[in-house]
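Analysis of the macromolecular model
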Amino acid sequence: MGRRRMIKAAVILVTLGYCSLLVYQGSVTLNASNLQESLPSVKTTKHNRDTRLPIILKTWFQLAKDQTWFFTDTDNQTQQQLTNGHLVNTNCSDTHQRQHLCCKTSVEYDTFMDSGKKWFCHFDDDNYVNVPRLVEVLQGYDYQMDWYLGRKSIPKPARYYNPLTKNMQTTRFWFATFGAGLCISRSLALKMIPVVGGGKFISICARIQQADDVTMGYVIERTMQLNLTIVPEFHSHLEQMKLIPSDIFREQISFSYSPKNTVDVPGFDASYDPTRFLSLHCFLFPHFEFCPR
Ligand SMILES: *[C@@H]1O[C@H](CO)[C@@H](O)[C@H](O)[C@H]1NC(C)=O
Ligand SMILES: *[C@@H]1O[C@H](CO)[C@@H](O)[C@H](O)[C@H]1NC(C)=O
Ligand SMILES: *[C@@H]1O[C@H](CO)[C@@H](O)[C@H](O)[C@H]1NC(C)=O
């Protein structure tokens, strides 16, 4: 990263187990020196298994500090400072139940609409986001057109519950899995206001009895009549992470992990970096202070 590079980030929303995160569109200038200036010093003596948030804060968040927002279900002053003041308490419950995840997604959507930003991108807290690549890919799409960008999680289209017939509807639709990340253009998000704005997203989740990402697909494909555009550079842990070769890491937008399913990247010892995200970050951005010289 020796040369200067203009970066326009998007809105990124990451659902942490108990938080989610939003990266706003804006301009970020990356170069080697300001990368280092913006870095906290990192302890290398023991690994932190506490939560997923510290890993994000240590790595890719540093490249999009002004654009990234976290959505939680509690207030925490320490975390508020660590996230550059970008921690939003959604007041949603902290469980993984469908209605509570839908509640957070609903707050993310409403926050995005209030922000006036160009792209709504959601990621989970077990995603690593390759910020410059996300920006580069989004530059290939016009936010003033309708775009629903992401990756399918299942080989067959989803079906939904129809409360009128009390049946699973045979009408099918695709959805982008939140686990890999997805982006929605402002133009499309604006058209969705009458359907999902002001918290209405929660009632649609309840009505069709589906998870937040399936509900998003339902709204966009069924109600808005817009098809998902597959962007294969998004990755969830439903894929085998080790099958992504290191020579194409740079072109990927997101990575994920789960126990025994991690990116195959050289770097730190597995006991210090079990998710491999610290190593991946150093692979992509070796100038960061915590990276080995
Ligand atoms: C706030 O967050 C910090 C850092 O993650 C954590 O150590 C602390 O226990 C949290 N405080 C409360 C009251 O939960
Ligand atoms: C959560 O509740 C607090 C206190 O009532 C309120 O100030 C805040 O705006 C609420 N957050 C959201 C996202 O509605
Ligand atoms: C959307 O996808 C369906 C198949 O899933 C296809 O039949 C339809 O033609 C597509 N619509 C557009 C506008 O591409």
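These figures come from a predicted structure and were not determined experimentally. (Residues numbered from 1 in each chain as written. Chains lettered and ligands numbered in written order. Predicted model: local features only at pLDDT ≥ 70, side-chain atom pairs only at ≥ 80, totals over all residues. Heavy atoms only, no water.)

With that settled, consider the overall build of the chain. In terms of regular secondary structure, the chain is built from 10 helices and 14 strands. A burial count over the chain gives 53% of its 293 residues as buried. For the chain, the exposed area adds up to about 13200 Å²; of that, 50% sits on carbon and sulfur atoms. (Helix = DSSP H or I, 4+ residues; strand = E, 2+ residues; numbered from the N terminus. Buried < 20%, exposed > 50% of the residue type's maximum accessible area, 1.4 Å probe, protein only. Areas by Shrake-Rupley, 256 points an atom, 1.4 Å probe, with all protein chains shown as cover.)

Of the residues in the chain, 80% have a pLDDT of 70 or more, and the chain-wide mean is 80. Note on residues 1–11: pLDDT under 50 across the span, and 54 contacts to partners over four residues away in sequence or across chains. Across residues 13–49, confidence stays below pLDDT 50; counting only partners more than four residues off in sequence or on other chains, it has 150 contacts. (pLDDT = per-residue confidence, 0-100. Contact = heavy atoms within 4.5 Å.)

Here Arg98 lies in helix 4 (residues 98–115). On a C-alpha basis, the gap between Arg98 and Gln209 in space is 8.3 Å, while along the polypeptide they are 111 residues apart. If sequence neighbours within four positions are ignored, Arg98 has contacts with Cys205, Gln209, Gln210 and Ala211.

A separate point is helix 4. Taking 1.5 Å per residue as the helical rise, helix 4 with its 18 residues ought to reach 26 Å, and the 26 Å between its terminal C-alpha atoms agrees with that figure. Of all the residues in helix 4, the buried ones are His100, Leu101, Cys102, Cys103, Lys104, Thr105, Ser106, Glu108, Tyr109, Thr111, Phe112 and Met113. Positive backbone phi, approximately 70°, marks Gly116, located one or two places after helix 4. (Expected span 1.5 Å × (residues − 1).)

The next thing to look at is the nonpolar core. Counting residues in hydrophobic clusters, the biggest one holds 44 residues, and the most contacted among them are Tyr128, Leu134, Cys183, Phe249, Phe255 and Leu280. Those elements that place two or more of their residues in this core are helix 2 (53–58), strand 7 (119–124), strand 8 (127–129), helix 5 (131–138) and helix 10 (277–284). Judged by nonpolar contacts, the second largest core, of 29 residues, contains Phe112, Tyr160, Phe173 and Phe175. (Core = buried A, V, L, I, M, F, W, Y, C linked by side-chain atoms within 4.5 Å.)

What follows is about the packing of aromatic side chains. Enumeration according to the criterion identifies 14 aromatic pairs in this entry. Judged by centre distance (5.7 Å) and plane angle (70°), the ring pair of Phe173 and Tyr218 falls under edge-to-face. Note that Phe173 is positioned in the loop between strand 11 (167–168) and strand 12 (182–185) and Tyr218 in helix 9 (residues 212–223), a separation of 45 residues in sequence. What makes Tyr218 buried here is its relative accessible area of 10%. Three or more aromatic residues joined by ring pairs form one cluster here, namely Tyr128, Phe249, Phe255, Tyr257, Phe277 and Phe283. Positioned above the aromatic ring of Trp174 is the side chain of Lys152, whose terminal nitrogen or guanidinium carbon lies 3.5 Å from the ring centre. Seen from the ring of Phe112, Arg186 lies directly overhead, with NZ or CZ sitting 4.9 Å from the centre. (Phe/Tyr/Trp six-rings, centres within 6.5 Å; stacked < 30°, edge-to-face > 60°. Lys NZ or Arg CZ within 6 Å of the ring centre and 35° of its normal.)

A two-sided burial pattern is seen for strand 12, the buried positions comprising Leu182 and Ile184 on one face and Cys183 and Ser185 on the other. Pairing of strand 7 with strand 12 involves 4 bridges; the strand directions are antiparallel. Its bridge partner being in strand 12, Cys121 is matched across the sheet by Cys183. By the bridge criterion, 2 bridges tie strand 9 (residues 148–150) to strand 12 in an arrangement that is antiparallel. Counterpart to Leu149 in the pairing with strand 12 is Cys183. (Pairing = 2+ DSSP bridges.)

Here we come to the site of ligand 2. In the vicinity of ligand 2, the residues found are Asn89, Asn91 and Val107. Asn91 is positioned such that a nitrogen or oxygen atom in its side chain is 2.4 Å from an oxygen atom of ligand 2. For ligand 2, whose accessible area on its own is 360 Å², the fraction buried by protein is 30%. (Near = heavy atom within 4 Å. Polar contact = N/O pair within 3.5 Å; in protein donor to acceptor, adjacent residues only side chain to side chain.)

Turning next to the packing of helix 8 (residues 200–208) against helix 9. As a packed pair, helix 8 and helix 9 sit with axes 10 Å apart at the nearest point and diverge in direction by 95°. Here helix 9 runs roughly perpendicular to helix 8, going by the angle between their axes. Each of Phe201, Ile204, Cys205, Arg207 and Ile208 in helix 8 lies in contact with helix 9, whose residues at this interface are Asp212, Thr215, Met216, Tyr218 and Val219. Looking at the contact of helix 8 with helix 9, its residues break down into 7 nonpolar, 1 polar and 2 charged. (Axes fitted to C-alpha atoms, helices over the stretch in contact; angles between N-to-C directions. Parallel < 35°, antiparallel > 145°, perpendicular 65-115°, else oblique. Nonpolar A, V, L, I, M, F, W, Y, C, P; charged D, E, K, R; others polar.)

Time to look at the pattern of salt bridges. Applying the stated rule across the entire model yields 8 salt bridges. One salt bridge in this structure joins Asp126 and Arg52, with 3.8 Å as the shortest N-O distance. Taken together, the residues span a long stretch of sequence, with Asp126 in the loop between strand 7 and strand 8 and Arg52 in the loop between helix 1 (32–37) and helix 2 at a distance of 74 residues. Asp146 is paired through a salt bridge with Lys191; the nearest N and O atoms lie 2.6 Å apart. Residue Asp146 is located in the loop between helix 5 and strand 9, and its partner Lys191 is located in helix 6 (residues 186–191); the two are separated by 45 residues in the primary sequence. Using a relative accessible area of 47% as the deciding quantity, one classes Lys191 as partly exposed. Within the structure, one salt-bridge network assembled from shared partners comprises Arg52, Asp125 and Asp126. (Salt bridge = Lys/Arg side-chain N within 4 Å of Asp/Glu carboxyl O.)

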